[in-house]
Structures are given as C-alpha cells and as structure tokens.
Amino acid sequence: MVTLEQLAADAARLGGAGRAILGLVGAPASGKSTLAERLAAEISGSVVLPMDGFHLDDGILVPRGLRPRKGAPDTFDVGGFVNTLKRVRAGETVYAPLFDRSLELARAGAIEVGAAATLVIVEGNWLLHQGGGWEAVRPLLDACWYVDVPEDELAKRLAARWRGFGLSEAEVRAKVQDNDLPNGKLVARGRSRADRVVSPEVLD
C-alpha cells in the first residue's frame with residue numbers, strides 16, 4: 001500500500017520549478033481535509049486551500065430554498081472559486097475565505113496563499129464535477145486525486161460529525177440521508193476522471 005510519505009513525494013514533484021495545484025476530491029467525510037493537512041505538513045512551501053470557503057451564505061440560500069441542500073454543487077460561488085484558482089495558477093498572492101463550521105459561514109481573507117507557495121493543495125467535493133461552471137476547475141489543477149471511502153463508512157463518519165455539533169438523532173438522519181450521502185453519490189461520478197485513487201488507510 002502507498003504511504004503518506006510516498007504521496008507527499010509525488011505531490012512535491014508536481015510543481016517542478018514553479019507553483020503547482022493539487023486537487024483532493026471525495027465525498028463528505030471521506031478524509032480529504034485530513035489528507036490535505038497531513039500532506040502540507042510533509043511538504044515545505046505548501047498551503048491548503050479548501051473549496052468550502054466558497055459556500056454561499058445562508059442569507060442567500062434560505063430565500064432560494066437551498067438551505068437544506070447546503071453543500072450541493074449549486075450552493076457554492078463556483079465563479080469566485082474558479083477566479084481564485086486562476087489567480088493562484090498565475091502565481092499571485094491570494095487571500096481566500098475559510099468556512100467556519102461552528103459558525104456556519106465563511107470568513108473572508110482567512111487563508112493566505114503567498115507568492116512563495118510552491119504547492120497549493122485544493123480540497124473539496126466538486127473539483128471533478130461536470131456542469132454548473134464546475135467543469136472549469138479541473139483544467140486549473142496539475143493533478144486531482146480521489147479519496148475513496150465505502151458508503152457505509154461515510155455514513156458512520158457523517159453521523160458522528162453531526163452528533164458532534166449537538167444535532168438530534170432526527171436531524172442527524174436528515175443531514176446524512178437527505179443531503180450528505182446523495183452528494184457523495186454525485187461526487188463519486190467524477191472518480192473515473194481522477195489521476196489517482198487514494199485509500200483512507202494511508203492516514204492510519
């Protein structure tokens with residue numbers, strides 16, 4: 001089995017002499033955020049840029065009836081995300097938003113991608129999604145790896161996540177069954193477009 005150190009070595013080689021962008025994609029609770037942070041800890045000059053900072057605010061989602069589907073492809077500012085990736089691709093210093101799950105909103109300018117960053121690790125659900133403007137993302141990535149986790153394991157992780165935020169069992173079931181797992185099935189459609197499939201065991 002490939003190790004974290006081997007993955008980090010492969011990721012570090014992406015950029016050569018310039019800046020590279022590595023995408024990590026997977027279903028909600030697949031471990032892509034943890035993998036991104038672990039890789040960044042191994043690679044000098046790297047920074048993590050989560051896609052979740054581009055969530056549309058509840059003040060926009062509620063009037064559109066999209067609040068229960070928060071996390072679906074049409075609940076993000078995909079244009080803003082793509083434009084940020086273009087600036088990252090151009091080597092600029094970029095200040096990007098960070099989603100704060102405890103507040104359920106994004107904090108502007110919370111992540112600095114400095115001009116000296118040689119590897120930007122972008123993690124999110126929809127990096128390989130087709131349609132709604134998301135198809136513009138993949139050409140901006142040097143590589144995109146898919147974190148593959150069985151659905152029954154995802155369900156357990158998601159339930160534990162929402163319980164940790166104090167939701168009732170009914171609310172947990174609604175979050176997992178009505179939103180997160182359907183989103184995970186949609187994410188999985190992009191698996192064949194990934195450059196590499198990574199097993200979660202690499203984090204053990």
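Not measured: the values here are computed from a predicted model.

A. View of the environment of Val 172. Summarising the element assignment, Val 172 is placed in helix H6 (residues 169-188). Owing to a relative accessible area of 3%, Val 172 belongs among the buried residues under this scheme. In this structure the C-alpha to C-alpha distance between Val 172 and Trp 162, which are 10 residues apart in sequence, comes to 5.8 Å. With residues up to four places along the chain from it excluded, the contact list for Val 172 reads Ala 159, Trp 162, Arg 163 and Leu 167.

B. Summary view of the pairing of strand E6 (residues 143-147). Within E6, 5 of the 5 residues are buried, which leaves it mostly tucked inside the rest of the structure. Neither face of E6 is exposed, since Ala 143, Trp 145 and Val 147 on one face and Cys 144 and Tyr 146 on the opposite face are all buried. Here 5 bridges tie strand E1 (residues 20-26) to E6, and the two strands are oriented parallel to one another. By the bridge assignment for E6, Val 25 is matched with Tyr 146. Sheet topology note: the E6/strand E7 (residues 196-198) ladder contains 3 bridges and is parallel.

C. Fine view of the sheet that holds E7. Pairing is parallel in the open sheet, where 5 strands are placed in the order E2-E5-E1-E6-E7. Every other strand in the sheet has two partners, leaving strand E2 (46-50) and E7 as the edge strands with one partner each. With strand direction ignored, the average angle separating the axes of adjacent strands in the sheet is 25 degrees. In the sheet, E2 pairs with strand E5 (residues 119-124) via 5 bridges, with the strands oriented parallel. Along E5, the bridge assignment pairs Leu 49 with Val 122.

D. Representation of the pattern of salt bridges in the model. Following the criterion strictly, the structure yields 15 salt bridges and no others. A salt bridge links Arg 138 to Asp 195, with the nearest nitrogen and oxygen atoms 2.6 Å apart. Of the two residues, Arg 138 sits in the loop between E5 and E6 while Asp 195 sits in the loop between H6 and E7, which places them 57 residues apart along the sequence. Residue Asp 195 is classed as partly exposed on the basis of its relative accessible area, which comes to 47%. Of the charged contacts in the structure, one is a salt bridge between Asp 148 and Arg 191, with a shortest N-O distance of 3.1 Å. In this pair, Asp 148 is assigned in the loop between E6 and helix H5 (151-164) and Arg 191 in the loop between H6 and E7, connecting sequence segments 43 residues apart. The exposure class of Asp 148 is partly exposed, given its relative accessible area of 28%.

Conventions adopted
- Residues numbered from 1 in each chain as written.
- Predicted model: local features only at pLDDT ≥ 70, side-chain atom pairs only at ≥ 80, totals over all residues.
- Heavy atoms only, no water.
- Helix = DSSP H or I, 4+ residues; strand = E, 2+ residues; numbered from the N terminus.
- Buried < 20%, exposed > 50% of the residue type's maximum accessible area, 1.4 Å probe, protein only.
- Contact = heavy atoms within 4.5 Å.
- Pairing = 2+ DSSP bridges.
- Axes fitted to C-alpha atoms, helices over the stretch in contact; angles between N-to-C directions.
- Salt bridge = Lys/Arg side-chain N within 4 Å of Asp/Glu carboxyl O.

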